[in-house]
Every structure is written in structure tokens, then in C-alpha cells.
Amino acid sequence: MKYEVSRKAYVKVLLHAAKYPANAVNGVLLGRLDQASGGNSAVQVVDAVPLFHSLLGLTPMLEVALIQISEHYEGAGEGPLRIVGYYHANERATDASLGGAALAIG
Amino acid sequence: SSCHFFVLLFTYLVPFWLSLYFYFLPIFVDRRSKIRRSSCFCAGAAYRGGQLGRSSRVPLRPPTHNSRMVVGKNLSAKDRLKAWRASGERRPAEVVSLAEPLVNSATSRAALGDDVWSVYEQLFVAALDCGRGELADRCLGALRERFPQSVRVKRLVGMQLESVERFGEAEALYAEVLAEEPTNASVLKRAVATKRMQGKTAAAIKLLNEYLHVFMVDPEAWLELADLYLGAQMYDMAAHCFEELVLLTPHNHLHHTRLAEVRYTAASAGGGRPDDLVVARQHFAKAHDLNPDSARALYGLFMASVALLSAKQGAGRVGDTNRRLVELAAVQLVALYKRRNASPEALNALRKFIDAHQVSG
């Protein structure tokens, strides 16, 4: 399984984290599943939508956001995008663990 | 002597006539100019968006709580820094860009007077945030020179140690200060922060609970504890923290919203209490009441009512309230988006979202 991350998605994720250096941030990754590349499927991550930068584990706004994102991008002009991933940055720079909230959303 | 009499009479009566004139003056001025009448309502007008003479259809509400103060562009650097010190905002890059030139030049240091030490402290913390180690060193050096025995400066030394991850030394320093002053709130909080920075969440929670036993009226600490509990997914305890916050500041719509969100999360995670969704709905409604412009409160009201509707199929009267709340929230959301000049895509997304939750009947 190959994963291709577009520059736009990558930069957006980094900028979101950089905008709130003291907080944990999270968001969704949008893209397409490319099944035509010689038998190996590749996931193309085309875009990213930042979600929260405080109190990340709370569901009401998360549900609203996920519904609106999937509805909006499914009807997008240049080709429908699906939610293909989730990004999460912890508060501490050295902490690479996935907390309970990240696992639940993922 | 009749002339004297009239002079005396006039002298005594003039104040009387003058006082009558001033007594009736407001009435005359009032009829002539609208501005005089509404100047009494200046404070209210500020709440209503600063427009004098606005129609009375707009209800008087206290200002919504913004975590960032709007500071006028015409204010000087030192006034802006002062405003940020008062509100406690964290704006490291801006503080460094404004304060560094101030402390570098001897004339502006002199112009600041005694404020220069507060500016040094503010710049120190901002420099730590921006990773400007040598600038932080300089500020700390100046402060240590001026206040060699100060506990407040010791706390800053501890912060610097924390910033380079020398947590053991920082904790030792705080323990030393707390041995002399066991109720020093700011150092107690730094001890909690040190634990948190090391990832020792359980220890941080324990320490913060001890702190809150003593300092029960500290909203910042309750918020921090709620954050720690949410990180550990202990929703009931986090809800308790937000309940304390609501008790402390019942007019703050953000705390109501947060409490409601935690209750809703507890309900969907499955481990909460049976009345979670109803309580969530109530607090979302209260938050909307306190701040009609809060989209979060309206979305939350919508989601909680939809969840209640689906949970209580055919519950008759209770279902009816939820249905009406769903419709109300939907209508208010669309109105809010239009009021805030939302883009057509946003409005479209909202409409699709509402339709996706189409309730039967």
C-alpha cells in the first residue's frame, strides 16, 4: 500500500501545528484511493482540513465537522475527495504516542 | 436704601434663578438633541456594539468573553504590552517584536520607569516560547540583578530550566521555594506544569487536585485539570471540573458549552450517566441564551436534540420538545450564518448537514 502526500496537504498540516505551538492539534486528511496503478493500490492524500486546537477529544463538534467535510468534498468540482486519514500532533514535541482520542477517531 | 434692597434681593435671588435654569436645562437639551439622552447609556451602548441611539429591539447583553482582547492600533507598544499582561494572553512573537527594542534602548527603559521589570518578565516568557535562549538569559540576568532574593524570579529560573528539559533541577527548585512558602500559588502551578511536560499525567492530576483543595476559586486551574482528565478520557471527572467552572462563572457561555460537550462525549462513549444528553442539551441551550452568536452552542443544541430524538423513539411529549429544538437550532444556525456573511459554500454545507439529519415526520 503506497501513500502519496501532496505538498498542499503536508504544508497545511505543518502550518496548523505551527499556528498553535503550545497546543495539540488534529484534523482530517482528504484524498482518493487509486486502484489502477498495476495491482498495487495507492492512497493519494490530496488535501487536509484542520479541525481543533483545544480539547481534542470532544465528539459533538467532531461529528458536525466530519459530516460537513464529507458532504462538501464529495460534491467537489475537480473530483470527489474522501476522508482517507486523520492527523494529530501532540502538545509535547517528543511525544509520538496516539492517545485514546486519536485512536477512537482513527 | 431701596436701591440697596433691590441689590440685596437680586444677589440672593440670582442663585435661585440660576439653579432653576440648571435644573430645567436637561429637559430643554433633551428635547433638542438625541445625543444628550443616549450619553447616559454609553455603557450600554458599548455592550451593544458601540452604536449610540440604537433601537431598543436589541437586548442588553454582557460582552461575550473573548480570550483575545481587541487592542487599538493607535496604542503604543508599551500600552499594548501592558494590556496583554493584564489579560494574560500568550502572544510570544508579538511580545518579542514589541518588547525587544524597548529593553534594548536605554532611553526607552528609562521611559518605562518601574514597568521595565514587568516588561522584562513578559519578554522573558515570550523569549522562552520563541526559543530565543540568549534573549531570555539577558532578561533573567537583569531581573536577578535587581531582585536577587525574589521568589518570583526563582520561578522564572525554574521556567528556564523547564524550557531546556532539565526537569529534575526545576522540580528541586520549586520544592525548595515551596518548603519556605507552601501556599505560593504560582510556584505550585509550575510544579504541576513540570509534571505535565514530562508526560506524568497521573502525578500532574494528583498535584493539581491538591492545589485545588486549597485554591478552589481558580478558574485557570480547573480548566487545566479538565484538560488533563480529558486527555486521560475520564469524562466524568472532566465534567465535574467544568461544573465547578460554571459555578464560578455562570455568565461565561464557553464553560457551559464545554460542559455540554463533555457530557455529550460521555454519552456517546457509552460510559456516562443516563441523563447526560439531557444535561448537555440544557447547557447548550444556556450557552446559546448567553451568546446568541455562538455557532458551537447551536450546533451542540442541534446534535443533542437529534441524539435524544433517536434515542427515545415515540416518546411522545419529550420527543416533541426535542423536535422543536432541532428545528429551532436549524433555523437559528442558518440565520447566524447569514448574519455573519458566510460564503455560499459554507451555507450550502450547513444546509446539507441539516438535511442529513432529516427527522421523520
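Residues numbered from 1 in each chain as written. Chains lettered and ligands numbered in written order. Predicted model: local features only at pLDDT ≥ 70, side-chain atom pairs only at ≥ 80, totals over all residues. Heavy atoms only, no water.

Just to check I follow, could you spell out the overall build of chain A for this structure?
Scanning chain A from N- to C-terminus turns up three helices and four strands. Mapped in sequence order, the helices and strands of chain A form the string β-α-β-β-α-β-α. Whereas a compact globule of 106 residues would reach a radius of gyration of roughly 13 Å, chain A reaches 14 Å, a difference of no more than 12%. Overall, the C-alpha framework of chain A stretches about 40 × 30 × 25 Å when taken along its three principal axes. The buried share of chain A, taken over its 106 residues, is 36%. Taking the intrachain contacts of chain A between residues at least 6 apart in sequence as the baseline, contacts between residues at least 24 apart amount to 66%. In the structure as shown, chain A presents an accessible area of about 5900 Å², 56% of it carried by carbon and sulfur atoms. Averaged over its 8 positive side-chain charges, chain A has a centre that lies 7 Å from the centre of its 9 negative ones. (Helix = DSSP H or I, 4+ residues; strand = E, 2+ residues; numbered from the N terminus. Rg over C-alpha atoms; globule rule 2.2 N^0.38 Å. Buried < 20%, exposed > 50% of the residue type's maximum accessible area, 1.4 Å probe, protein only. Contact = heavy atoms within 4.5 Å. Areas by Shrake-Rupley, 256 points an atom, 1.4 Å probe, with all protein chains shown as cover. Lys, Arg positive; Asp, Glu negative; His and termini not counted. Charge placed at Lys NZ, Arg CZ, Asp CG, Glu CD.)

Even after reading the chapter, I still don't get the state of the cysteines, so can you show me in this structure?
Two cysteines, two sulfur atoms, one covalent bond between them: this is a disulfide. Residue and element names in this part refer to chain B. Tallied over the entire structure, the rule returns zero disulfides over all chains. Residue Cys 139 stays outside any disulfide, its sulfur separated by 12 Å from that of Cys 130, the closest cysteine. The class for Cys 139 is buried, based on a relative accessible area of 1%. (Disulfide = S-S within 2.5 Å.)

What should I look at first to understand the nonpolar core in this one?
Looking at soluble globular proteins, one finds that nonpolar side chains tend to be buried together. Core analysis: the largest hydrophobic core is formed by 41 residues, its most contacted members being Tyr 299, Phe 302, Leu 350 and Phe 353 of chain B. Of all the secondary-structure elements, those providing two or more residues to this core are strand S2 (25-34), strand S3 (42-52) and helix H2 (59-74) of chain A together with helix H15 (253-269), helix H16 (276-290), helix H17 (295-311), helix H18 (317-339) and helix H19 (344-356) of chain B. Take this core: its biggest share by element is 10 residues, from H17 of chain B. The residues contacting Phe 302 of chain B, other than those within four sequence positions of it, are Val 326, Ala 329, Ala 330, Phe 353, Ile 354 and His 357 of chain B. In this structure, Ala 99, Leu 102, Val 119 and Leu 123 of chain B belong to the second largest nonpolar core, which totals 33 residues. (Core = buried A, V, L, I, M, F, W, Y, C linked by side-chain atoms within 4.5 Å.)

Which parts of the structure should I look at to understand the environment of Ala 191 of chain B?
All names here are of chain B. Among the secondary structure elements, Ala 191 is positioned in helix H11 (residues 185-197). Remark: the alpha-carbon pair of Ala 191 and Gly 158, spanning 33 residues in sequence, is separated by 9.3 Å. What Ala 191 contacts, discounting residues up to four positions off in sequence, is Tyr 174 and Leu 207.

What am I meant to see in a nonpolar patch on the surface here?
All names here are of chain A. Taken together, Val 5, Tyr 10, Val 11, Leu 14 and Leu 15 make up a surface patch of nonpolar side chains, about 490 Å² in accessible area. Ranked by the residues each element gives to the nonpolar patch, the list is headed by helix H1 (residues 7-19), at four residues. With respect to the element layout, Val 11 can be found in helix H1. Judged by relative accessible area, Val 11 falls into the partly exposed class, the value being 38%. (Patch = residues over 30% accessible without salt bridge, like charges linked within 9 Å, V, L, I, M, F, W, Y side chains within 5 Å. Salt bridge = Lys/Arg side-chain N within 4 Å of Asp/Glu carboxyl O.)

Please clarify how empty space enclosed by the protein should be interpreted in this entry.
Regions of empty space are outlined by a rolling probe, equal in size to a water molecule, passed over the atoms. By the definition in use, this model includes two cavities of 30 Å³ or more. Quantified by volume, the second largest cavity comes out at close to 30 Å³. Lining the second largest cavity, in full, are Phe 52, Ser 54, Leu 55, Leu 56, Gly 57 and Leu 58 of chain A together with Glu 261 and Arg 296 of chain B. In terms of residue class, the lining of the second largest cavity is made up of four nonpolar, two polar and two charged. (1 Å grid on protein atoms, 1.4 Å probe; cavity = no way out; pocket = protein on both sides within 12 Å on 5 of 7 lines; lining within 4 Å. Points joined across faces, edges and corners; volume = space filled by probe spheres on them. Nonpolar A, V, L, I, M, F, W, Y, C, P; charged D, E, K, R; others polar.)

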